[in-house]
Every structure is written in C-alpha cells, then in structure tokens.
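Listed below, chain by chain, are the residues.
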Amino acid sequence: MLAEQDDHEAQFNLAVLLRAGKGLPQNFALALEWAWLAQLGGVARAPDIANSLIEKVLPATQVDIASRIDTRLRDRLSRGDREAIMQFVVFNRTILERPDLETAYIWSLIGAALGVQPAIEARDEIAIELESRIILSAQDMARQMFLDQDMGSLFSSERLAVR
C-alpha cells in the first residue's frame, strides 16, 4: 500500500521482495517496475536492483513497464505533484531505452521556473546535449504549457497543503 502511495523506500523493499520471491511469488518484471520507481524517488540502492533485473526482463516488457511509469508520472504531474517533476525529468533522461531529452528539457525548464531543486542544474546539463533549434522549440513549448495549464497555481505549495 505504501509503495502505491509513492513511498520510495517501500517501492524499493517491494522490488527486493519480488526479485527474491519472498512474501509474493517471484516476478522480475514487477520487481523492475518498483525498482525503477524507487530509483526515480532517489533511493540510492535502487539502480543496482534495477540493473540486476534488466537482463531478466524482455525488452518488450521493459517498454510496457516504462509506459506504465510514464502514465503514473503524468497523472501525478496533472495533479500538481511537485516531486513528480524531477522524477519525470530523470525518467525521460535515464530510464527510457531511448532517452527523450527534449521532454526532459521541457520539464526541467518548468521545474526551474517553479523553483524545484535541482531543475536548474538538470536543465543546463540537458541543454548541452541538444541542438539549438530543439532548445528554442522546447523553450517555447514549456512556456506555452506553463501558461496554458497555469502551472504556477497547479504546483503551488498552498494547493498541496489543501490536498
């Protein structure tokens, strides 16, 4: 239950249990999903578990897992969950088999505008890897999303306090 509620230590623990088959039948695919979520939540030991599982999970299944994580993070973003911003940046930058640096850059721009740490550093690191035309297009897209979705209000700390 805690893992479903984005408790990252619980996600890591669930990944360990599923990998070992303790308390639940062994399931490498589910273990990888929880390990990636824990990794996105900053659990330092999670990448080791994830890396040990990648070779045991078919590439097509890895794509399915990434799709579920993408949906989960987008849902959290749509609800104004500030923590999900940098997780979405990291997901698009490092977890995907083919990193989506443009999406990572757009969300790092939004995170930086909202004062989310360490969005500025991520933004600048990602920009080094992108062509100027992509940077300019992504900046326009981030600005439009920020205004159209009223992200200043969506991600405000007062809104989270009321939730």
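Rules used throughout
- Residues numbered from 1 in each chain as written.
- Predicted model: local features only at pLDDT ≥ 70, side-chain atom pairs only at ≥ 80, totals over all residues.
- Heavy atoms only, no water.
- Axes fitted to C-alpha atoms, helices over the stretch in contact; angles between N-to-C directions.
- Helix = DSSP H or I, 4+ residues; strand = E, 2+ residues; numbered from the N terminus.
- Parallel < 35°, antiparallel > 145°, perpendicular 65-115°, else oblique.
- Left-handed = near helix turned anticlockwise from the far one by under 90°.
- Contact = heavy atoms within 4.5 Å.
- Phe/Tyr/Trp six-rings, centres within 6.5 Å; stacked < 30°, edge-to-face > 60°.
- Buried < 20%, exposed > 50% of the residue type's maximum accessible area, 1.4 Å probe, protein only.

A.B. asks: For this particular structure, what's the right way to read the packing of helix 1 (residues 8–20) against helix 2 (residues 28–40)?
C.D. replies: For any two helices packed against each other, the geometry comes down to the angle between their axes and how far apart the axes lie. Between helix 1 and helix 2, whose axes approach to 8 Å, the crossing angle comes to 155°. On the basis of the axis angle, helix 1 is roughly antiparallel to helix 2. Judged by the sense of rotation from one axis to the other, the crossing of helix 1 with helix 2 is left-handed. Between helix 1 and helix 2, the residues in contact are H8, Q11, F12, L14, A15, L18 and R19 and F28, L30, A31, W34, A35, L37 and A38, respectively.

A.B. asks: Even after reading the chapter, I still don't get the packing of aromatic side chains, so can you show me in this structure?
C.D. replies: Under the defined criterion, the tally for this structure stands at 2 aromatic pairs. Relative to F91, the ring of F88 lies with its centre 6.4 Å away and its plane at 20°, an arrangement referred to as stacked. One end of the pair, F88, and the other, F91, are both in helix 5 (residues 83–95), 3 residues apart, so they sit about a helical turn from each other. Owing to a relative accessible area of 0%, F88 belongs among the buried residues under this scheme. Assessed through its relative accessible area of 1%, F91 is described here as buried.

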